[in-house]
Amino acid sequence: MGFLDILLGRTKPVAPDLDQLFALPSAAVTLEAAAGFTPTGGGAVCFATVEGAAFEQTHREVQALLDADTDRGGDPVELHQDGYGYSWLVSQRPSDQLPQLVNDLHAVNSSMEVNGFGPQLLCSLAAFEDERGRRLALVYLYKRGTFYPFAPLPGPGERRDSALELQVKAVLANDLRIEQDLSRWFPVWGAPGL
C-alpha cells in the first residue's frame, strides 16, 4: 500500500481465507452450549450468476463431486436462484454431520475460486435452530474473510432478531473471525438452506 493510498483512506482488501470455514464445527459446540442452537444440516454457497460454458462446466463438476458422496444421507446438492438473481448451491446433510457440510461448502468455494470464478462468490452459510424453532445462519463473507450471524424472525415480512444476532456475536467472538462492521451484516432473506 502506497503513501497516496494512506492519505486517501484506501485500504488493501482482505484476501479470502476459506480455511476459516473449518472453524464452524467448534463454534457450533460453543453456540449450542451458550445459546442452545444446533446445526440443521443445511448450508449453501451464494454467488453471482455467470453465463457461459466455462461456468456451467464448473457448476456441473462441483455438483457431481458433492453428489458422488454416498454417505450424504440427505438430499443431493441442488442449485437455486433467489428473487434477487443470485444463485445458491445448497447442500443438505443430517444434522450431526456439520464437519461434512463444511467440507461441502469449502469444496464449492475452492472449485469456483480455482476455476477463476472467485470474484462471483458472495457468501456461504450454515443453518442452526434452537428448541423453540428460532432459525439462525452463520454467514461467511467470502470477500471479507469474516462471519456474522443472521437471525430472521418468523412470520410475515422481513424482520430480523438483532438482539439474538448481537448475543451470538458475543458468544462466538473467540471461535470465529466475526465481522465487526455491522453495516456488512447483510440480510439473506429467503436463503435456501436456512
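This structure is a prediction, so every number in the text was calculated from the model and none was measured. (Residues numbered from 1 in each chain as written. Predicted model: local features only at pLDDT ≥ 70, side-chain atom pairs only at ≥ 80, totals over all residues. Heavy atoms only, no water.)

Peer 1: Explain helix α5 (residues 162-171) here, please?
Peer 2: Of all the positions in α5, only L164, E165 and V168 are classed as buried. Summarising the axial view, the buried residues of α5 lie within an arc of 100°, below the 170-degree limit, and thus occupy one face. Turned more than 90 degrees away from the buried face of α5, the exposed residues are A163 and A170. Packed against the buried residues of α5 are α2 (24-35), β5 (135-141) and β6 (146-150). (Buried < 20%, exposed > 50% of the residue type's maximum accessible area, 1.4 Å probe, protein only. Helix = DSSP H or I, 4+ residues; strand = E, 2+ residues; numbered from the N terminus. Arc of directions from axis to C-beta. Contact = heavy atoms within 4.5 Å.)

Peer 1: So what exactly am I meant to see when it comes to the sheet that holds β6 here?
Peer 2: Two orientations exist for strands paired in a sheet by backbone hydrogen bonds: parallel and antiparallel. If you trace the six strands from one edge of the open sheet to the other, you get β2-β3-β1-β4-β5-β6, paired in antiparallel fashion. With partners counted over all chains shown, the strands left at the sheet margins are β2 (78-81) and β6, one partner each. Across the sheet, the mean angle separating the axes of adjacent strands is 25° when strand polarity is ignored. Pairing between β5 and β6: five bridges, direction antiparallel. Paired with L141 across the two strands is T146, which belongs to β6. Packed onto the sheet, helix α3 (residues 53-67) meets β1 (38-48), β2 and β3 (86-92) and runs at close to 15° relative to β3. Here helix α4 (residues 98-114) sits on the sheet and contacts β1, β3 and β4 (121-129); the angle it forms with β1, its principal contact strand, is near 5°. (Pairing = 2+ DSSP bridges. Axes fitted to C-alpha atoms, helices over the stretch in contact; angles between N-to-C directions.)

Peer 1: What should I look at first to understand the side chain of T40 in this one?
Peer 2: If you trace the backbone, T40 turns up in strand β1. Under the relative-accessibility criterion, T40 is labelled buried at 19%. Within the local environment of T40, its side chain forms a polar contact with the backbone nitrogen of G42, the two atoms lying 3.1 Å apart. Sequence-distant contacts of T40, that is, excluding residues within four places in its chain, are made with Q92, R93, S95, A127, F128, E129 and R135. (Polar contact = N/O pair within 3.5 Å; in protein donor to acceptor, adjacent residues only side chain to side chain.)

Peer 1: I tried to follow the pattern of salt bridges on my own but got confused; where do I start?
Peer 2: Under the defined criterion, the tally for this structure stands at seven salt bridges. R93 is the partner of D104 in a salt bridge, and the nearest nitrogen-oxygen pair spans 3.0 Å. Note that D104 is positioned in helix α4 and R93 in the loop between β3 and α4, a separation of eleven residues in sequence. Taking relative accessible area as the criterion, R93 reaches 4% and is therefore assigned buried. (Salt bridge = Lys/Arg side-chain N within 4 Å of Asp/Glu carboxyl O.)

Peer 1: Sorry if this is basic, but what is going on with the pairing of β5 here?
Peer 2: Along a regular strand, successive side chains alternate from one face of the sheet to the other. Of all seven residues making up β5, six are buried, and the element is well covered by its neighbours. Strand direction decides the pairing type here: β4 and β5, joined by seven bridges, are antiparallel. The partner of A126 across the bridge, within β5, is L138. The hairpin turn running from β4 into β5, its antiparallel successor, is five residues long, and G133 in that turn takes a positive phi close to 90°.

Peer 1: How do you make sense of the nonpolar core when you look at a structure like this?
Peer 2: The nonpolar side chains of a soluble globular protein tend to be buried, and buried together. With 53 residues, the main nonpolar core has L31, W88, F128, L176 and V188 as its most contacted residues. A total of seven residues in this core trace back to one element, the largest contributor, which is α4. (Core = buried A, V, L, I, M, F, W, Y, C linked by side-chain atoms within 4.5 Å.)

Peer 1: Just checking my understanding: could you explain the environment of R177 for this structure?
Peer 2: Looking at the element boundaries, R177 is found in the segment after α5. Along the sequence, R177 and T146 sit 31 residues apart, while their C-alpha atoms lie 5.2 Å from each other. Only 3.4 Å separates the side chain of R177 from the backbone oxygen of G145, close enough to count as a polar contact.

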